[in-house]
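Each chain, written out:
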Amino acid sequence: MTEQPPRVAAARRRRSSGSVADFDGRRLAVGRRLACMTRAELARRIEVTPAAVTQFERGAARPTTTVLTRLGLTLGMPEEFFSRGLDIPEVPPSTAHFRSLRSTPARRREQALAFGELALAVLDLVERYVDLPPMRLRPIGLPPQPSGAEIADAARRARRELSVGTGPVPHVVRLLEAHGVLVVRLPAEGFDPRVDAFSASETASGRPLVLMSPLKDDKARSRFDAAHELGHLLMHGGSEAGSTVVESQAMSFAAEFLMPQAEIEDCLPTRVDWETFHALKRHWGVSLKALVYRAHELGRLPDLSYRRANRQLKTWGHPEPGPLGPPESPSVLGAAAELLEQSGTRLSALAEAARIPLESLHAVVAAGRSDRPRLTIGPR
C-alpha cells in the first residue's frame, strides 16, 4: 500500500461530521504559548469561545476542520503539527525558577517555557539516533532554612561530585551538558528580553532544563548564570520557584562554586584596586561586579570601599571593562544534529515524522549549538 502524503493522510483522518479525529490538545497549548497568545486572544481570532479553546487543549473536545485551519493560520503552524506525533514534555510553570518573575509578563514566561518544552521534545527525538550524556545530577539535600555556611558547603560538595578540581571551572555550560542537562539559548528575536536565564529540574522528559538569555553576550555573566541555575537544579527541586530567598541561595551557591572561599579569599584586595580585580576576573572568569560583591561578602572590602566600587561599576555599566570573550554556549544538541546529518539522517525527515515544522526544529538546534564561527579548510 502506497504511503500517503501527510496532508492527505491528515485530511482522511477527519470525521465526516467535520470534526478532527486526530488532534493533540497538548500541541495546541504549546503552539499557542509559542505565539505568546492567551486563550481569550486565540479564541477571538479563530471565532470560538475561550472555553472552547480550553476544552481543545485539555482534550475534552476537538475542533472542526474549519477551526483547525484557522488555528494553523493564526499560530503560524501547519495543520499537521496539531495531530498526534512526538510527545512534547510539559514543564510545569510552578517548577521553573525565573529570576525575572515579577518583572516579566506571565505570557512571556509561558512563551519561553513552551520553547523549552519543544527543545526537550527535539532532544528526545535526536536521542533515538544518537547516544547523549545520561542524566547524572544528584540533588543536594538541605534543611528547610539553610544557613550561608550550608549553602557554601553545598557548592563545595557540587564541585567534588561534578569532578571539578581546584581553580576556575573550565566551562560551566559544558559541565551541565556533560551531566545530562539540556542547555539551550533562547532565540534573540521574538522573545521578551526581560526573560532572564531560568531552569527546571522537574520536567516530564526526566531531563533538567536550563535556558540561557540571548542578551548575555559576555562570558563572565553567562558563566554566573549557568552556575546559578546549577544551584537551583541541585538544591531547589520542589521549592517555591521565584522567591527572593531561593534566588539569594542560588546566587550564594554560584559565588562559592565559581570562586571558592578557600582559594580566593586571600587574593581579594582590601581596597578598591581595579588592577587586582581585573587580574582576578581574567583568572576566575567572573565579572568585576561579582568579585567586588565577593570581596565584601567575605569581609575583605570595607563598606565604604564597597559602595565606592559599586558607584564606579554603575558608571561603567554593561559591558563592563575587560571583556573575556563570547559567552559560554551549549553544544550537545547542535553536535548531535550534525552527527545525524553526516550519517545520512536528514533533519527534514525527522521533522516530518515527528510532525514538527522544520523551521522550529532548526530554531531549537541553533539554540543548542555554539555560535562561534568555524574555520573550514579544504582543497582549493
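Residues numbered from 1 in each chain as written. Predicted model: local features only at pLDDT ≥ 70, side-chain atom pairs only at ≥ 80, totals over all residues. Heavy atoms only, no water.

Engineer: So, the packing of helix α2 (residues 25–34) against helix α4 (residues 50–58): which residues are in play, and what are the values?
Structural biologist: Across the interface, α2 lies against α4 with an axial gap of 6 Å and an inter-helix angle of 120°. The orientation of α2 relative to α4 falls into the category oblique. Here Gly25, Arg26, Leu28, Ala29 and Arg32 of α2 come into contact with α4, specifically with Val53, Phe56 and Glu57. (Axes fitted to C-alpha atoms, helices over the stretch in contact; angles between N-to-C directions. Helix = DSSP H or I, 4+ residues; strand = E, 2+ residues; numbered from the N terminus. Parallel < 35°, antiparallel > 145°, perpendicular 65-115°, else oblique. Contact = heavy atoms within 4.5 Å.)

Engineer: Tell me about unusual backbone geometry, and please be specific about residues and values.
Structural biologist: Omega for the bond connecting His318 with Pro319 falls within 30 degrees of zero, at 0°, which places this linkage in the cis form. For Pro319, the location among the structural elements is in the loop between α14 (303–316) and α15 (332–342). Unlike most non-glycine residues, Ser163 shows phi in positive territory, near 60°. Mapped onto the fold, Ser163 is located in the loop between α7 (148–161) and α8 (172–178). In this structure, Arg355 takes a positive phi of about 60° despite not being glycine. Checked against the element boundaries, Arg355 lands in the loop between α16 (347–354) and α17 (358–367). The exposure class assigned to Arg355 is partly exposed, which follows from its relative accessible area of 24%. (Buried < 20%, exposed > 50% of the residue type's maximum accessible area, 1.4 Å probe, protein only.)

Engineer: Lay out the confidence of the model for the protein with the relevant residues and their values.
Structural biologist: The predicted model of the protein averages 89 in pLDDT, with 92% of residues at 70 or higher. Within the model, pLDDT remains below 50 along residues 1–17, and this stretch shows 17 contacts once partners closer than five positions in the same chain are excluded. In the predicted structure, residues 373–380 sits below a pLDDT of 50 and forms 1 contact with residues beyond four places in sequence or in another chain. (pLDDT = per-residue confidence, 0-100.)

Engineer: Break down the sheet that holds strand β4 (residues 209–212) for me, citing the residues and quoting the values.
Structural biologist: Ordered by their spatial adjacency, 4 strands build an open sheet running β1-β3-β4-β2, and the pairing between neighbours is mixed. A single partner strand is all that each edge strand has here, and the edge strands are β1 (96–98) and β2 (182–185). Neighbour-to-neighbour, the strand axes of the sheet open up by a mean angle of 15°, direction not taken into account. Both β2 and β4 contribute to a ladder of 4 bridges, which runs parallel. Within β4, the position partnered with Val184 by the bridge is Leu211. In the packing of helix α9 (residues 219–235) onto the sheet, contacts are made with β1, β3 (198–200) and β4, and the angle to β4 comes to roughly 155°. (Pairing = 2+ DSSP bridges.)

Engineer: Describe the nonpolar core, naming the residues involved and giving the relevant values.
Structural biologist: With 60 residues, the main nonpolar core has Phe82, Phe115 and Phe198 as its most contacted residues. Per-element tally for this core: the top contributor is helix α6 (residues 106–127), with 12 residues. Those residues within four positions of Phe82 in sequence are excluded, and the remaining contacts are Asp22, Phe23, Asp24, Arg27, Leu28, Leu68, Leu71, Gly72, Leu75 and Met77. Ranked by size, the runner-up nonpolar core spans 48 residues in total, among them Val210, Leu234, Leu288 and Ala295. (Core = buried A, V, L, I, M, F, W, Y, C linked by side-chain atoms within 4.5 Å.)

Engineer: If you had to explain the pattern of salt bridges to someone new, which residues and values would you point to?
Structural biologist: By the definition in use, this model includes 20 salt bridges. With its nearest N and O atoms 3.0 Å apart, the salt bridge here joins Arg157 to Glu161. In this pair, Arg157 and Glu161 are both assigned in helix α7, 4 residues apart and thus about one turn of the helix distant. Its relative accessible area of 31% is what places Arg157 among the partly exposed residues. For Glu161, a relative accessible area of 31% translates into the label partly exposed. In this structure, Arg294 engages Glu297 in a salt bridge whose closest nitrogen and oxygen atoms are separated by 2.8 Å. Note that Arg294 and Glu297 are positioned in helix α13 (residues 288–297) at a spacing of 3 residues, about one turn of the helix. Its relative accessible area of 36% is what places Glu297 among the partly exposed residues. (Salt bridge = Lys/Arg side-chain N within 4 Å of Asp/Glu carboxyl O.)

Engineer: Kindly report on helix α5 (residues 65–75), identifying the contributing residues and their values.
Structural biologist: Every buried residue of α5 is accounted for by Val67, Leu68, Leu71, Gly72 and Leu75. The buried residues of α5 all sit within an arc of 145° when viewed along its axis, so they share a single face. Just downstream of α5 lies Gly76, where phi reads positive at about 70°. (Arc of directions from axis to C-beta.)

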